[in-house]
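Listed here are the chains, written in short residue letters.
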Amino acid sequence: MSAHNREFLTLLQKAAAAIGDHAEEVAALDQAIGDGDHVTNLQRGLETLLRAAADWEAMDWPDLLQKSGMSLMSSIGGASGSLYGTLFMAMGKALKAPEGSAVSLAHGFAQGVQAMKQRGKADVGDKTMLDVLIPVAQAWRAATESQSLPAVTLQAIAEAARAGCESTRDMIAGKGRASFLGERARGYLDPGARTSQLMIEAIVRHLEGST
Ligand code: ADP
Ligand code: MG
């Protein structure tokens, strides 16, 4: 197995473990302001991807991400399946830079998030996972452009995710099922924002241990 395939599987395992550890909390949030299936959808998607990705030995990062996006899209289902699928596929596509040009991971991630915004027709303030992913993309790019140390970059990413997730608590939703609830959605974190933040935090913690 190649080094980056092994690293990719490790990151996925960390993300899946964090979701497992908080499954009840997320289920309660989605029962309150969604239809209750978000965490089981995501767990099924991550398990399916972990099994599939074990065989993707010789793949480079762009191909790993593109294949993962296709897997997530078909196995998670719901709104979050198509959105996470779009993130990975668009990021993989962006990283497939033409010969000789290097595209940073931060830029690739920002491209992926941009594609999600278009797919979901959502932006910051709509009480969705984009309230986490957009600030994370911005913080990551800013840290990369100012050539921050890896530890500083990781810290900035984790903090943007945490603040973004927390920001959804007092919002009413502009998109997704919670938007049907109007004022009744206020007071709850968005389930998709919370799962995005949990996965990012788990990955950051793992990477902090290896920098
Ligand atoms: P569904 O709402 O189809 O049951 P899930 O339960 O899998 O989908 O995921 C719900 C999450 O998806 C929400 O908490 C929210 O973060 C995210 N979401 C829903 N609609 C959108 C959208 N249009 N743009 C971005 N994120 C969205
Ligand atoms: Mg749902």
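Look above for the structure.
The rules we used
- Residues numbered from 1 in each chain as written.
- Chains lettered and ligands numbered in written order.
- Predicted model: local features only at pLDDT ≥ 70, side-chain atom pairs only at ≥ 80, totals over all residues.
- Heavy atoms only, no water.
- Phe/Tyr/Trp six-rings, centres within 6.5 Å; stacked < 30°, edge-to-face > 60°.
- Helix = DSSP H or I, 4+ residues; strand = E, 2+ residues; numbered from the N terminus.
- Buried < 20%, exposed > 50% of the residue type's maximum accessible area, 1.4 Å probe, protein only.
- Near = heavy atom within 4 Å.
- Polar contact = N/O pair within 3.5 Å; in protein donor to acceptor, adjacent residues only side chain to side chain.
- Areas by Shrake-Rupley, 256 points an atom, 1.4 Å probe, with all protein chains shown as cover.
- Nonpolar A, V, L, I, M, F, W, Y, C, P; charged D, E, K, R; others polar.
- Salt bridge = Lys/Arg side-chain N within 4 Å of Asp/Glu carboxyl O.
- Expected span 1.5 Å × (residues − 1).
- Contact = heavy atoms within 4.5 Å.
- Core = buried A, V, L, I, M, F, W, Y, C linked by side-chain atoms within 4.5 Å.
- Lys, Arg positive; Asp, Glu negative; His and termini not counted.
- Arc of directions from axis to C-beta.

Draft legend 1. Quick peek at the packing of aromatic side chains. Taken as a whole and judged by the stated rule, the model has two aromatic pairs. A centroid spacing of 5.7 Å and a plane angle of 85° characterise the contact between F8 and W61, whose relative ring orientation is edge-to-face. Of this pair, F8 sits in helix α1 (residues 3-21) while W61 sits in helix α4 (residues 61-76); the two residues are 53 residues apart in sequence, bridging distant segments of the chain. Between the aromatic rings of F109 and W140, the centroid separation amounts to 5.3 Å while the plane-to-plane angle is 50°, which identifies the pairing as tilted. In this pair, F109 sits in helix α6 (residues 105-120) while W140 sits in helix α7 (residues 130-145), placing the two residues 31 residues apart along the sequence. A relative accessible area of 18% means that W140 is categorised as buried.

Draft legend 2. Quick peek at the site of ligand 1. The environment of ligand 1 is formed by 21 residues, the closest being D37, A79, S80, G120 and D190. Between ligand 1 and D190, the relevant distance is 2.5 Å, taken from an oxygen atom to a side-chain nitrogen or oxygen of the residue. Within the backbone of G192, an N or O atom sits 3.0 Å from an oxygen atom of ligand 1. Look at ligand 1: alone it shows 560 Å² of surface, and the protein chains cover 90% of it. When contributions to the shell around ligand 1 are tallied by element, the ones reaching two or more residues are α3 (38-53), α5 (78-95) and α9 (191-209). A total of four residues in the shell around ligand 1 trace back to one element, the largest contributor, which is α5. Residues belonging to the shell around ligand 1 are distributed by class as follows: seven nonpolar, eight polar and six charged.

Draft legend 3. Representation of the pattern of salt bridges. Enumeration over the complete set of coordinates arrives at nine salt bridges. For R169, the salt bridge goes to E166, with nearest N and O atoms at 2.7 Å. Overall, the relative accessible area of 30% leaves R169 in the partly exposed class. Among the residues examined, E166 registers a relative accessible area of 37% and is labelled partly exposed.

Draft legend 4. Fine view of α1. The end-to-end C-alpha distance of α1, which contains 19 residues, comes to 27 Å, matching closely the 27 Å that a straight helix rising 1.5 Å per residue would cover. Taken as a whole, α1 has its buried residues at N5, F8, L9, L11, L12, A15, A18 and I19. Considering only its buried residues, α1 is in contact with α2 (23-33), α3, α4, α5 and α9.

Draft legend 5. Just the nonpolar core, in detail. Y84, F109, V113, V132, L133, V136 and I200 are the most contacted members of the largest nonpolar core, which has 53 residues in total. Top contributing element to this core by residue count: α7, with eight residues.

Draft legend 6. Highlighting the side chain of D126. Within the element layout of this structure, D126 appears in the loop between α6 and α7. Despite its burial, D126 remains without a salt bridge, the nearest opposite charge being carried by K175 at 5.0 Å. From its side chain, D126 meets the backbone nitrogen of D123 in a polar contact 2.9 Å long. Each residue touching D126, except ones within four places of it in the same chain, is listed here: K121, D131, M171, A173, G174 and K175.

Draft legend 7. Representation of α2. Residues of α2 that are buried include every one of A23, V26, A27, L29, D30 and I33, and no others. Down the axis of α2, the smallest arc covering the buried residues is 160°, so these residues share one side. Across from the buried face of α2, at angles greater than 90 degrees, the exposed residues are E24 and Q31. The secondary structure elements touched by the buried residues of α2 are α1, α3 and α9.

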